[in-house]
Amino acid sequence: MNAAPQIVTLGAHVLDTIVQPVDEIPEGQGSLLVDEIVMSAAGPAGGTALVLTKLGARVVTSGAVGEDVAGRVLVGLLRDAGVDVTHLITGELPTSASVLPIRSDGSRPALHVVGANALAADVVPWEALAAAAHVHVGAPELLGPENVVEILEYAHAHGATTSLDFLIGGEPAFYALIEPLLPHTDYVLPNSEQAMGWTGAADLVAAARALHAAGARVVAVTDGGGDVVVVEEDAVAFVPIVPAEPVDTSGGGDAFSAGFVYAKLRGQSSRDAARFGSATASQVVAGVGTDHGVYDAASIDALLSAAAR
């Protein structure tokens, strides 16, 4: 990879309000003193764009926010981080937002408003796609299969690689939204609950193989604290994660996606890209919010070199 690559992210942009630690909700009108309340740009398009920018990419992001305070905050957070927000339109629906009460072990429930993310398909930056080295669609289920296939094919026709990450859970009925996209994408990056739920597979390897057999060139499935399972050309690799003491796991998946994509653009193998993605995620989950951490590609490389010794 020579100059900083241009990457386009499309899809879901979310303003997260993260409260930590919250191990129980007070009853009635009770109150709880916490350590932190943080607002962060997030979502499989917005959060991935944020982390990619930290790693050193030039990122154009596309989607929709509301004409409200949350939208102004979300756009400002992304702009301040260096993301090109020219193609984030405003609509009548409220900005997509989540409240995340983070437990002491880093896990969390989520209170979520879909809001303006339902309008994500209304804007596609075709000129930016034509100039991109990579196109990442975060939450393709919001854009509709036909729209996403058109975007992926357009990106490929102009020389870009492509990837998909998802918001929806692992309910089997959702697979109808996912399966038509797989033959048109290079990297599919679900978590274990999604992969096994959609495919009905009995184990993670079978789930990853099923997604690969359906057309995805590379499948990399994260599994919380377990190995990342990578399937490419019918070969299976188990990639150990980079250890972290999680404070907030909410941005880990988006950070993994960003690291994986960035490493692939540098010409690394899928196995090494999964390791780089895991190391990137380890920086994010060690604090609160997807924007946590001071790192870049060089510091992630140094972390991996030190871990290998």
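These figures come from a predicted structure and were not determined experimentally. (Residues numbered from 1 in each chain as written. Predicted model: local features only at pLDDT ≥ 70, side-chain atom pairs only at ≥ 80, totals over all residues. Heavy atoms only, no water.)

### Re the packing of aromatic side chains
For any pair of aromatic rings, the description rests on two quantities: the centre-to-centre distance and the angle between the ring planes.
Reasoning step 1: Counted by the stated rule, this structure contains five aromatic pairs.
Reasoning step 2: Where tryptophan 126 meets tyrosine 154, the ring centres are 4.9 Å apart and the plane angle is 75°; that geometry is what we call edge-to-face. With a gap of 28 residues between them, tryptophan 126 in helix 3 (residues 126-131) and tyrosine 154 in helix 4 (residues 145-157) connect regions that are remote in the sequence.
Reasoning step 3: Here the aromatic rings of phenylalanine 166 and tryptophan 198 are separated by 4.9 Å at their centres, their planes lie at 80°, and the arrangement is edge-to-face. One end of the pair, phenylalanine 166, is in the loop between strand 9 (161-165) and helix 5 (175-178); the other, tryptophan 198, is in helix 6 (residues 192-199), and 32 residues separate them in sequence. (Phe/Tyr/Trp six-rings, centres within 6.5 Å; stacked < 30°, edge-to-face > 60°. Helix = DSSP H or I, 4+ residues; strand = E, 2+ residues; numbered from the N terminus.)

### With respect to the sheet that holds strand 2 (residues 14-20)
Reasoning step 1: If you walk across this open sheet you meet the four strands as 3-2-6-7, and the pairing is mixed. Taken across any chain shown, the strands that pair with only one partner, and hence form the sheet edges, are strand 3 (36-42) and strand 7 (111-113). Taking each pair of neighbouring strands and ignoring which way they run, the sheet shows an average axis angle of 15°.
Reasoning step 2: Seen against the sheet, helix 2 (residues 69-81) touches strand 2 and strand 3 and runs at an angle of roughly 75° to strand 3. (Pairing = 2+ DSSP bridges. Axes fitted to C-alpha atoms, helices over the stretch in contact; angles between N-to-C directions. Contact = heavy atoms within 4.5 Å.)

### A few points about the sheet that holds strand 9
Reasoning step 1: Ordered in space as 5-4-1-8-9-10-11-12-13, the nine strands form an open sheet in which the pairing is mixed. Among the strands making up the open sheet, the edge pair consists of strand 5 (84-91) and strand 13 (235-239).
Reasoning step 2: As paired elements, strand 4 (residues 58-66) and strand 5 share six bridges and run parallel to each other. Looking at strand 5, one finds that valine 60 is bridged to aspartate 84.
Reasoning step 3: The sheet contacts of helix 1 (residues 46-55) involve strand 1 (6-11), strand 4 and strand 8 (134-138), and relative to strand 4 the element is tilted by about 155°.
Reasoning step 4: In this fold helix 9 (residues 270-284) packs onto strand 11 (218-223), strand 12 (226-232) and strand 13, with an angle of close to 25° to the strand it touches most, strand 13.

### Concerning the layout of surface pockets
Where empty space is left in the structure can be found by rolling a water-sized probe over the atoms.
Reasoning step 1: As a volume, the largest pocket reaches approximately 1200 Å³.
Reasoning step 2: In terms of lining, the largest pocket is formed by 44 residues, of which the most central are Arg108, Asn191, Thr249, Ser250 and Gly253.
Reasoning step 3: Contributing elements (two or more residues each) for the lining of the largest pocket: strand 2, strand 6 (97-101), helix 6, strand 11, helix 8 (252-265) and helix 9.
Reasoning step 4: Counting residues per element, the lining of the largest pocket draws most heavily on helix 8, at five residues.
Reasoning step 5: Looking at the lining of the largest pocket residue by residue, the class counts come to 20 nonpolar, 17 polar and seven charged. (1 Å grid on protein atoms, 1.4 Å probe; cavity = no way out; pocket = protein on both sides within 12 Å on 5 of 7 lines; lining within 4 Å. Points joined across faces, edges and corners; volume = space filled by probe spheres on them. Nonpolar A, V, L, I, M, F, W, Y, C, P; charged D, E, K, R; others polar.)

### Quick word on the environment of isoleucine 89
Reasoning step 1: For isoleucine 89, the position within the fold is in strand 5.
Reasoning step 2: Residue isoleucine 89 is classed as partly exposed on the basis of its relative accessible area, which comes to 29%.
Reasoning step 3: A C-alpha to C-alpha distance of 9.3 Å links isoleucine 89 and glutamate 67, two positions 22 residues apart in sequence.
Reasoning step 4: Apart from residues lying up to four places away in sequence, isoleucine 89 is in contact with Gly63, Ala64, Val65, Asp122 and Val123. (Buried < 20%, exposed > 50% of the residue type's maximum accessible area, 1.4 Å probe, protein only.)

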